[in-house]
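Architecture at a glance
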Amino acid sequence: MSQFTSPPQPQQPYAPGHEPGLRPARNGLGISALVLGIIGAVSGLIPLLFWLAGTLGVIALVLGLAGRGRAKRGEASNKGVATFGAVLGLLALVLSVVGAVLTFKAVDDAVKDISKEVSGSSASAKPGAAADDKKGDAAEDAPASEDEPAAETLEGRDTAVYDDGVEVTVSGAAAYTPGAYAAGHTKGNRAYKVSVVIENKSKEKFDSALVSVDARAGEDGVDAEQIFDGKVGEGFTGTVLPGKKITVQFAFDAPSDAKHLTVEVAPGFDWDASQWELKL
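These lines cover the structure that appears in this document, whether it is placed above or below. (Residues numbered from 1 in each chain as written. Predicted model: local features only at pLDDT ≥ 70, side-chain atom pairs only at ≥ 80, totals over all residues. Heavy atoms only, no water.)

1. Some details on the overall build of the protein
Looking only at helices and strands, the protein features four helices and 14 strands. In the protein, the proportion of contacts linking residues at least 24 apart, taken out of those at least 6 apart, comes to 73%. As presented, the protein carries roughly 18200 Å² of accessible surface, and 58% of it is formed by carbon and sulfur atoms. (Helix = DSSP H or I, 4+ residues; strand = E, 2+ residues; numbered from the N terminus. Contact = heavy atoms within 4.5 Å. Areas by Shrake-Rupley, 256 points an atom, 1.4 Å probe, with all protein chains shown as cover.)

Laid out in structure tokens, this is it:
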């Protein structure tokens with residue numbers, strides 16, 4: 001009886017079995033934290049986007065910490081990415097706080113500047129020594145009234161005291177003889193000289209370059225032209241430190257029959273102008 005041998009069967013390649021419990025890495029939280037952290041940090045560099053930087057910073061910080069937790073449990077493999085995303089989220093939060101402070105401060109300063117520009121810095125009258133004597137004699141005959149408003153027009157040697165500490169004093173008008181080459185003097189008119197003193201009693205520097213001094217003369221209030229002759233007319237220049245004062249002399253041309261000279265001084269754009277009525 002013949003024996004038959006079956007041909008050998010080809011062997012199948014070995015396939016390793018799937019290890020139970022092995023799952024793909026869950027790196028989504030770390031990647032998301034990194035992306036949001038970068039956007040939040042960049043937004044924090046722009047003060048007006050502080051709100052966006054704060055929102056993204058909080059989300060990036062939370063996702064980054066959650067991603068680190070996954071990496072510690074072996075569920076993710078990007079612990080460094082998650083950590084960097086959390087750090088960027090914290091940085092975005094810090095920048096958002098700084099941006100908010102800068103934005104609110106800028107808005108507050110702008111509001112104050114606008115309010116100051118609209119209202120101006122008001123002044124109260126501080127009478128000079130001569131005016132004190134006159135008013136003292138008059139006060140003996142008339143009772144003082146608390147509701148009586150201060151006079152808007154000052155006299156010579158009176159001081160206008162502004163609420164920010166700036167004080168302006170104008171002397172009385174004295175006859176003045178312009179130089180031979182003076183500009184601003186008309187033949188037949190009379191020239192008068194006044195001294196303007198600005199004292200800075202505030203805590204900040206005062207820029208005197210913006211001070212304007214004008215005058216009107218006579219009953220009709222015609223402009224009294226300022227005289228320039230090398231001795232007067234240079235005007236205010238420079239900065240006045242706190243506690244210091246500056247004095248400048250001005251000369252004005254007035255009609256020969258003028259009996260009063262009205263001098264108006266404005267310390268700057270943010271201050272109301274004050275007026276002095278000087279007898280000639």
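There's plenty left to go through after this.
2. Overview of helix H1 (residues 28-44)
Between its terminal C-alpha atoms H1 stretches 24 Å, which fits the 24 Å expected from 17 residues at 1.5 Å a residue. By the burial criterion, the buried members of H1 are Gly30, Ala33, Gly37, Gly40, Ala41, Ser43 and Gly44. Buried residues of H1 fall within an arc of 150° about the axis and therefore sit on the same side. (Expected span 1.5 Å × (residues − 1). Buried < 20%, exposed > 50% of the residue type's maximum accessible area, 1.4 Å probe, protein only. Arc of directions from axis to C-beta.)

3. Re the pattern of salt bridges
With the rule as written, the count across this model stands at five salt bridges. The residue Glu75 makes a salt bridge to Arg73 at a minimum N-O spacing of 3.5 Å. We note a salt bridge from Glu199 to Lys245, for which the minimum N-O separation is 4.0 Å. Separated by 46 residues along the polypeptide, Glu199 in strand E6 (residues 190-200) and Lys245 in strand E12 (residues 245-254) bring together distant segments of the chain. Three or more residues joined by partner-sharing salt bridges are found here, namely Arg26, Arg73 and Glu75. (Salt bridge = Lys/Arg side-chain N within 4 Å of Asp/Glu carboxyl O.)

4. Notes on the packing of H1 against helix H2 (residues 50-72)
At their nearest, the axes of H1 and H2 sit 8 Å apart, and the two run at 155° to each other. With respect to H2, the element H1 is oriented roughly antiparallel. The crossing of H1 and H2 is left-handed. Each of Leu29, Gly30, Ser32, Ala33, Leu36, Gly37, Ile39, Gly40, Ser43 and Gly44 in H1 lies in contact with H2, whose residues at this interface are Leu52, Ala53, Leu56, Ile59, Ala60, Leu63, Gly64, Ala66, Gly67 and Arg70. (Axes fitted to C-alpha atoms, helices over the stretch in contact; angles between N-to-C directions. Parallel < 35°, antiparallel > 145°, perpendicular 65-115°, else oblique. Left-handed = near helix turned anticlockwise from the far one by under 90°.)

5. Considerations on a nonpolar patch on the surface
On the surface, Leu90, Val94, Val98 and Leu102 cluster together into a nonpolar patch covering about 350 Å² of accessible area. Turning to its location among the elements, Leu90 is positioned in helix H3 (residues 79-119). Residue Leu90 is classed as partly exposed on the basis of its relative accessible area of 47%. (Patch = residues over 30% accessible without salt bridge, like charges linked within 9 Å, V, L, I, M, F, W, Y side chains within 5 Å.)

6. Comments concerning the nonpolar core
As a rule of thumb, nonpolar side chains are buried together in soluble globular proteins. Formed by 30 residues in total, the largest nonpolar core has its most connected members in Val213, Phe236, Leu261 and Val265. Elements that contribute at least two residues to this core include exactly strand E3 (159-162), strand E4 (166-170), E6, strand E8 (212-217), E12, strand E13 (260-266) and strand E14 (274-279). With five residues, E12 is the largest single contributor of residues to this core. Setting aside residues up to four positions removed in sequence, Val213 forms contacts with Val196, Gln226, Phe236, Phe250, Phe252, Val263, Glu264 and Val265. Among the nonpolar cores identified, the runner-up in size contains five residues, and Tyr176, Ala191, Ile227 and Ala251 belong to it. (Core = buried A, V, L, I, M, F, W, Y, C linked by side-chain atoms within 4.5 Å.)

7. Some words on unusual backbone geometry
With phi around 75°, Arg157 is a residue other than glycine that occupies positive phi space. Structurally, the position occupied by Arg157 is in the loop between strand E2 (153-154) and E3. Exposure remark for Arg157: the relative accessible area of 45% places this residue in the partly exposed category.

8. What about the environment of His260?
If you trace the backbone, His260 turns up in strand E13. Counting along the chain gives 17 residues from His260 to Glu277, while the straight-line C-alpha distance between them is 6.6 Å. With sequence-adjacent residues up to four places away left out, His260 is seen in contact with Arg216, Ala217, Gly218, Glu277, Leu278, Lys279 and Leu280.

9. Some details on the pairing of E14
Of the two faces of E14, the one holding Ser274, Trp276 and Leu278 is buried and the one holding Gln275, Glu277 and Lys279 is not buried anywhere. Pairing of E2 with E14 involves two bridges; the strand directions are parallel. Of the residues in E14, the one forming a bridge with Thr153 is Gln275. Strand direction decides the pairing type here: E13 and E14, joined by six bridges, are antiparallel. Its bridge partner being in E14, Val263 is matched across the sheet by Trp276. (Pairing = 2+ DSSP bridges.)

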